[in-house]
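Tertiary structure, described
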Amino acid sequence: MQVNLTDLGKRYNYEWIFRKLTYTFESGTSYAILGHNGSGKSTLLTIIAGHNLASEGQLTYTLGGKSIPQDEVYRQLTLTAPYLELVEEFTLLEMLDFHTRFKPLRHSLSNAALIDRMGLQRSKNKFVKDFSSGMKQRLKLGLAIYSNSSLLLLDEPTTNLDQEGVAWYQEHVAQNKEGRLIIVGSNIQHEYSFCDEQLRISDYHVVPRK
Ligand SMILES: Nc1ncnc2c1ncn2[C@@H]1O[C@H](COP(=O)(O)OP(=O)(O)OP(=O)(O)O)[C@@H](O)[C@H]1O
């Protein structure tokens, strides 16, 4: 998977969040999008995911030498972000059944094996609404990391995780990065320490004229 941004810009109303962003993201490489709160990291990730529209510029996707239309790229990607909700009315087992019907798991992993990897064996019949916030985050990450997607987008991936949860995230993301394109939106070092490249969104802020 390759994602090409050419002179990409986004504004909300009259406020430009970033402009003139030209960059190539390549498979087999992990990227960190860095910047302070409100700098535009989530905005860029949602644009790459196709959940949000750029205001100017071009965004193209290529897989195996073939270009993928923007409205089909969702098949190739998984995104996890604090604002994306799980289906709270499902038990863990039901949640996995539902999710994997649309997005099969990597390496034909079974749902039971994913539950083991997430360390959630004792909660398989528990309703998601009764999970702690850290358990919900581990579930979101497990679904994203272990889905069979060539593009993995992680926005603030360790939100609500304790030290053990952070170590779990680091281990599992590192084990599943080969051959994939991973983009992390973060300003916390332990979330993106495995990344090979860094993109500072503030380099693309519009400097107001004096
Ligand atoms: N739907 C929207 N309408 C108007 N402004 C928005 C909208 N979404 C985001 N913004 C603005 O865009 C800017 C960038 O927000 P964004 O959430 O992308 O930043 P971020 O770098 O991810 O921040 P954080 O680190 O706090 O998550 C902020 O000024 C925010 O207020």
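Thresholds, definitions, all that
- Residues numbered from 1 in each chain as written.
- Predicted model: local features only at pLDDT ≥ 70, side-chain atom pairs only at ≥ 80, totals over all residues.
- Buried ≥ 20, exposed ≤ 12 C-beta atoms within 10 Å, placed from the backbone.
- Helix = DSSP H or I, 4+ residues; strand = E, 2+ residues; numbered from the N terminus.
- Pairing = 2+ DSSP bridges.
- Axes fitted to C-alpha atoms, helices over the stretch in contact; angles between N-to-C directions.
- Contact = placed C-beta atoms within 7 Å.
- Near = placed C-beta within 6 Å.
- Nonpolar A, V, L, I, M, F, W, Y, C, P; charged D, E, K, R; others polar.

Labelled according to an unreviewed UniProt entry, the protein chain appears under the name ABC transporter ATP-binding protein, originating from Pontibacter flavimaris.

Quick look at the pairing of strand β7 (residues 151-155)
Buried residues dominate β7, accounting for five of its five residues. Judged by which residues are buried, β7 turns out to be covered on both faces: Leu 151, Leu 153 and Asp 155 on one side and Leu 152 and Leu 154 on the other are all buried. Pairing of strand β6 (residues 77-80) with β7, which is carried by four bridges, proceeds in the parallel orientation. Across the sheet, the residue bridging to Leu 79 is Leu 153, located in β7. Both β7 and strand β8 (residues 181-186) contribute to a ladder of five bridges, which runs parallel. Pairing of Leu 153 across the sheet is with Ile 183, part of β8.

Concerning unusual backbone geometry
Here Asn 13, not a glycine, exhibits a phi torsion of approximately 55 degrees, which is positive. Within the secondary structure, Asn 13 is located in the loop between β1 (2-12) and β2 (15-26). Positive phi, normally seen in glycine, also occurs at Glu 156, with a value near 45 degrees. Among the secondary structure elements, Glu 156 is positioned in the loop between β7 and α5 (163-175). A count of 20 C-beta atoms within 10 Å places Glu 156 in the buried class.

A short note on the sheet that holds strand β9 (residues 197-200)
Pairing in this open sheet of five strands is parallel, and the strands run β6-β7-β8-β3-β9 from one edge to the other. With partners counted over all chains shown, the strands left at the sheet margins are β6 and β9, one partner each. Across this sheet, the average inter-strand angle for adjacent strands is 15 degrees, counted without regard to direction. Looking at chain direction, strand β3 (residues 30-34) and β9 are connected through four bridges and run parallel. Bridging from a neighbouring strand, Ala 32 pairs with Gln 198 of β9. Against the sheet, helix α1 (residues 41-48) contacts β3, β6, β7 and β8, and its axis sits at roughly 150 degrees relative to β8. Across the face of the sheet, helix α4 (residues 133-146) comes into contact with β6 and β7 while running at roughly 165 degrees to β6.

Observations regarding the environment of Val 173
By the element assignment, Val 173 lies in helix α5. Classification of Val 173 as buried rests on a count of 23 C-beta atoms within 10 Å. Considering only alpha carbons, one finds Val 173 and Leu 152, 21 residues apart in sequence, at a separation of 9.8 Å. Excluding residues that lie within four positions of it along the chain, Val 173 makes contacts with Ile 145 and Phe 194.

Focus: the site of the ligand
What surrounds the ligand is the set Tyr 12, Ile 17, Gly 35, Asn 37, Gly 38, Ser 39, Gly 40, Lys 41, Ser 42, Thr 43 and Gly 185. Per element, the largest residue contribution to the shell around the ligand is three residues, and it comes from α1. Residue composition of the shell around the ligand, by class: two nonpolar, eight polar and one charged.

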